[in-house]
Amino acid sequence: MRITSFTMFNQLTRSLTENLRYMSRMSNMLATQKKINNPSDDVSGMMKVMDYKVSINELEQYKRNIDEAYEQLSYAETAMTSVTNALTRAEELANQASSGTQNADTRASMAGEVANLRDEIMSVANGKFRNKYIFSGFKNDTQSFDAGFNYQGDSGEVNVMIDRSATMAINIPGDQVYGSGATSIMGILDTLYNDLMANNQAGAQAAIEDIDSALDQIANVRADIGARLNHLDDRKINLDDRDFTLKAYLSEIEDTDIASTISEISKTEVALQSLRQSGAEVLSQSLLDFLR
Amino acid sequence: MSLSGLFDIGKSAIFASQTALNVVSNNIANVNTPGYSRHEAILEVANPVQVKGDYIGRGVGNVDIRRHYDNFIHLQIIGQNQSYGRSFALERGLSHIEQIFNEAKNLGLGNSLKEYFNTWQKVANNANSLPERTELLQSGNALVQTAKQMEGDILDTLKEIDDDISNVVRDVNSLTTSIAALNEKISQLEAGLSTDKASYFRDQRDSKLNELAELMDYTWYEDNNGRVEILVGGESLVNSKGAYSLSTQIDIDGHRNIYARGKDISSVFQKGQLGGFFDVRSDIETNALHDLRKLIASIAKETNILHSAGYGLDGSTNNNFFNALQVYSSDNSASGYISSAVVGNAASLTLDEYEINFVDAANYEVYNLQTGALVISGAYTAGNTISFEGIDVVIDGSPAANDSFLISPLTDVIENFGVAISSSETDKIAASDTDVSITGEKGNNVNALGIVSLYQSGISDLSDATFEGYYHGIVADVGIMSKAALDSLAYDDNLRFELEKKRDAVSGVSLDEEAANLIRYQRMYEAGARIIKITDELMEMIINL
């Protein structure tokens, strides 16, 4: 095959261009820190990247949902603690008042305290979180209990997604916690208050049992909330794990291996260097140089 | 044999070497001229004379100038240029589209789509909270903006491709004009002589043919007078009478098409840049653009179906979240027209496109363009409503046999795409599944959760893919097409280079070779001159005797 200077020149510029193009691709990888900069760089890798990103986005939204659920349930738990404390104190008072040693005056002063406890529980039951009544079910802009202790909410449970196919209710309808009307926890304390004001020893005696069962009821609710919070903790850890794993996979596919990229660049530099040198030698000379 | 004969021999050597030096110098001068074929001086012995029974040479005779040329390689290069041109055009169009869907750089719909459904979750978490509702409207608008931006970019690319087509046609016309002019020169120069006499013009014409091959595929042959005739789709572009130009125009279908003498020949282009541009244009339309529109239509449709069943904080229901889908139609009929085309039942839409064909003036058939299936057929009555798969169409006038009407819920979908709820109407966002004005359940999030779960559901219109899955499919298609175009461009470029090398091996100028020839003919010239000098001395000697 005849080789002409045109062929040599073209061959050289072509090799130079190819190496430069490779070099630019490699340095782009370094600049962006990503192996895949266009879908066509690695179509199947790109698909995985997109799938992982979808999953990661989902997990992160679930984590945000969990945080929100956690806040709301923790608030409810705090509320239950106050109710328990108030009820415990009320039971003490009922116990004292049921004793024959008390008289009308002492019962009346106890009645004052019971009224405070009743109001305290009432205000907890009508508690607002982020300006929404948390014990009103779906009707969260309606006060949960009216002055007659009647439940005004509904039985709606606000579910949030905490995983792809798992939801959790982040509220407890107030009637399930406090009951409604005269038999509600506030109603029981109100009855006790009235009995104490009327110096009714038997009434105080009867209240003890009611308060006991109210305490049981609250304990059940607390256990329920506690279980939900535990579950959220577990879920969160689980989501964190999956998030971490997915991000590791993502990085494996998407991120540039810096060491190997730099060594590729150095290799290409050497190739370019030698091409330039040999090109300068070959192209600058022809037979004409020797015809003196 | 006389002494003066020696003069003639010397003279012939000088003349021949001059011619040869001319050829060599011309080669050297054209060492970098693309398409130039090396020429060589072929020396022949002059006819000898018979002197006393012996033949005696009379020096060097005619100098023939030969062009080093391989027609077979030239044909290969033309073929290869056609492939290269096609790959070039494909890559050019697709690299644009790939950037529009470049999820590697988080360009594209991915982020907006995720955010749109994330904000629905936020609304579900706090159904009657204003900030969450406002955020949802914002993310809905962001999705709309992204989709519009992407469609706009795709349409821009298609327009650029149309511009490219008309530019290429301009180049084709200029090339065919030059080729016709060169045809004339060659046929005049070579009239009555052997082919090849007009070798420099032939080189030029070969270059033009190569350039033309990169632009389009054509058939060609050379006639007896040395003219080439070029044919495209049965139409002559260049013949013995001259060149005929192509023209382009934008047709009803919105495409720029190519015409030769009033006839649309767009479909004949398979290769070259024109073939590539036509292919990539239809690839983009039937894949990226169509699929993006279908995805958006599906998101709007599914969201609206669930949303309109729910209730806003103000108790309102039957509200769309996104603008309702509309039906686009176009007529291909002289005296029939579509007077109305609307969505009759949004839930029954399949998001396919349809064509209503008239078998004769009295009967029509509706075909699904995606599946090719016959949807319904019936007898035509002007002004009656034709209903199929959620679409109601009214045709009026008097359509004739073979008239057709295109019906598409997709064409305008992104243009009409928008959030139907204004930022002052956040109460209309239907998170509840009960009438809030009656039940008072402002915190009810059941409907919002339903919309959230759309994100993970297989959508039947999208062949049971999820929105994300369908979108990933689009990105994969674009990536694969772009990768294939890149690969074939590299392959064709390489092959073309190898062919150029082969051509160069035959036709290229080697400076070393020419330098050697320079010396050779210089020495020949010197020696010829010496013959004359010696002859002169001999003459002088004789005269002075």
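Reading the values: rules and limits
- Residues numbered from 1 in each chain as written.
- Chains lettered and ligands numbered in written order.
- Predicted model: local features only at pLDDT ≥ 70, side-chain atom pairs only at ≥ 80, totals over all residues.
- Heavy atoms only, no water.
- Helix = DSSP H or I, 4+ residues; strand = E, 2+ residues; numbered from the N terminus.
- Rg over C-alpha atoms; globule rule 2.2 N^0.38 Å.
- Buried < 20%, exposed > 50% of the residue type's maximum accessible area, 1.4 Å probe, protein only.
- Areas by Shrake-Rupley, 256 points an atom, 1.4 Å probe, with all protein chains shown as cover.
- Lys, Arg positive; Asp, Glu negative; His and termini not counted.
- Charge placed at Lys NZ, Arg CZ, Asp CG, Glu CD.
- Phe/Tyr/Trp six-rings, centres within 6.5 Å; stacked < 30°, edge-to-face > 60°.
- Lys NZ or Arg CZ within 6 Å of the ring centre and 35° of its normal.
- Pairing = 2+ DSSP bridges.
- Axes fitted to C-alpha atoms, helices over the stretch in contact; angles between N-to-C directions.
- Contact = heavy atoms within 4.5 Å.
- Parallel < 35°, antiparallel > 145°, perpendicular 65-115°, else oblique.
- Left-handed = near helix turned anticlockwise from the far one by under 90°.
- Nonpolar A, V, L, I, M, F, W, Y, C, P; charged D, E, K, R; others polar.
- Core = buried A, V, L, I, M, F, W, Y, C linked by side-chain atoms within 4.5 Å.
- Salt bridge = Lys/Arg side-chain N within 4 Å of Asp/Glu carboxyl O.

Undergrad: Please explain the overall build of chain B as it appears in this structure.
TA: From N to C terminus, chain B includes 11 helices and 19 strands. Taking 545 residues into account, the globule formula puts the C-alpha radius of gyration at 24 Å, and chain B, at 38 Å, lies well above it. The principal-axis extents of the C-alpha atoms in chain B amount to approximately 145 × 55 × 30 Å. Put simply, chain B has 545 residues, and 49% of those count as buried. Working note: accessible area of chain B is about 23,700 Å², and carbon and sulfur atoms make up 50% of it. Measuring between centres, the 41 positive side-chain charges of chain B sit 12 Å from its 75 negative side-chain charges.

Undergrad: Even after reading the chapter, I still don't get the packing of aromatic side chains, so can you show me in this structure?
TA: Centre distance and the angle of the planes are the two values used to describe a pair of aromatic rings. Residues and elements named next belong to chain B. Tallying each qualifying case throughout the model produces 21 aromatic pairs over all chains. Site record: aromatic cluster; members linked through ring pairs are Tyr116, Phe117, Trp120, Phe321, Phe322, Phe417, Tyr455 and Phe467. When the ring centre of tyrosine 69 is taken as origin, the NZ or CZ atom of arginine 67, which lies over that ring, is 4.0 Å away. In this arrangement the basic side chain of arginine 496 is found over the ring face of tyrosine 84, its NZ or CZ atom lying 3.8 Å from the centre.

Undergrad: Explain the sheet that holds strand 17 (residues 385-388) of chain B here, please?
TA: Note on sheets: strands pair through backbone hydrogen bonds, and any given pair is parallel or antiparallel. Residues and elements named next belong to chain B. Pairing is antiparallel across the open sheet formed by three strands, whose spatial order is 13-18-17. At either margin of the open sheet sits one strand with a lone partner, and together these are strand 13 (336-343) and strand 17. With strand direction ignored, the average angle separating the axes of adjacent strands in the sheet is 25°. The pairing of strand 13 with strand 18 (residues 391-397) spans seven bridges and is antiparallel. Bridging from a neighbouring strand, tyrosine 337 pairs with aspartate 396 of strand 18.

Undergrad: What is the right way to look at the side chain of B:Arg293 in this model?
TA: Mapped onto the elements, B:Arg293 comes out in helix 6 (residues 272-309). Sequence-distant contacts of B:Arg293, defined by excluding residues within four places in its chain, comprise B:Glu151, B:Leu155, B:Leu410, B:Thr411, B:Val413 and B:Ile414.

Undergrad: For this particular structure, what's the right way to read the packing of helix 2 (residues 43-97) of chain A against helix 6 (residues 201-254) of chain A?
TA: Residue and element names in this part refer to chain A. One can describe the packing of helix 2 onto helix 6 by two numbers: an axis separation of 7 Å at closest approach and a directional angle of 165°. By the angle class used here, helix 2 and helix 6 are roughly antiparallel. Regarding helix 2 and helix 6, the two cross each other, and that crossing is left-handed. Here the residues of the contact of helix 2 with helix 6 sort into 31 nonpolar, eight polar and 18 charged.

Undergrad: Quick question: what am I supposed to make of the nonpolar core here?
TA: One broad trend across soluble globular proteins is that nonpolar side chains are buried collectively. A:Leu87, A:Tyr178, B:Phe101, B:Trp120, B:Phe321, B:Phe322 and B:Ile356 are the most contacted members of the largest nonpolar core, which has 178 residues in total. Of the residues forming this core, the biggest block, 23 residues, is contributed by helix 2 of chain A. Excluding anything up to four places from it in sequence, B:Trp120 contacts B:Leu136, B:His307, B:Phe321, B:Ile429, B:Ala448, B:Ile451 and B:Val452. Membership of the second largest hydrophobic core comes to eight residues, among which are A:Leu12, A:Leu16, A:Met26 and A:Leu275.

Undergrad: Before we go on, may I ask you to explain the pattern of salt bridges in this structure?
TA: If the charged atoms of two oppositely charged side chains come close together, the side chains can form a pair. Under the counting rule described, the total for this entry stands at 45 salt bridges over all chains. Here B:Asp163 ties to B:Lys159 by a salt bridge, and the two come within 3.4 Å at their closest N and O atoms. Of this pair, B:Asp163 and B:Lys159 both sit in helix 4 (residues 130-190), four residues apart, which is roughly one turn of that helix. The partner of B:Glu235 in a salt bridge is B:Arg261, and the shortest N-O contact between them spans 4.0 Å. Here B:Glu235 is found in strand 7 (residues 235-239), whereas its partner B:Arg261 is found in the loop between strand 10 (256-260) and strand 11 (263-264), with 26 residues between them in sequence. What makes B:Arg261 exposed here is its relative accessible area of 52%. Among the charged side chains, a network of salt bridges with common partners joins A:Glu60, A:Lys63, A:Asp240, A:Asp243 and A:Lys247.

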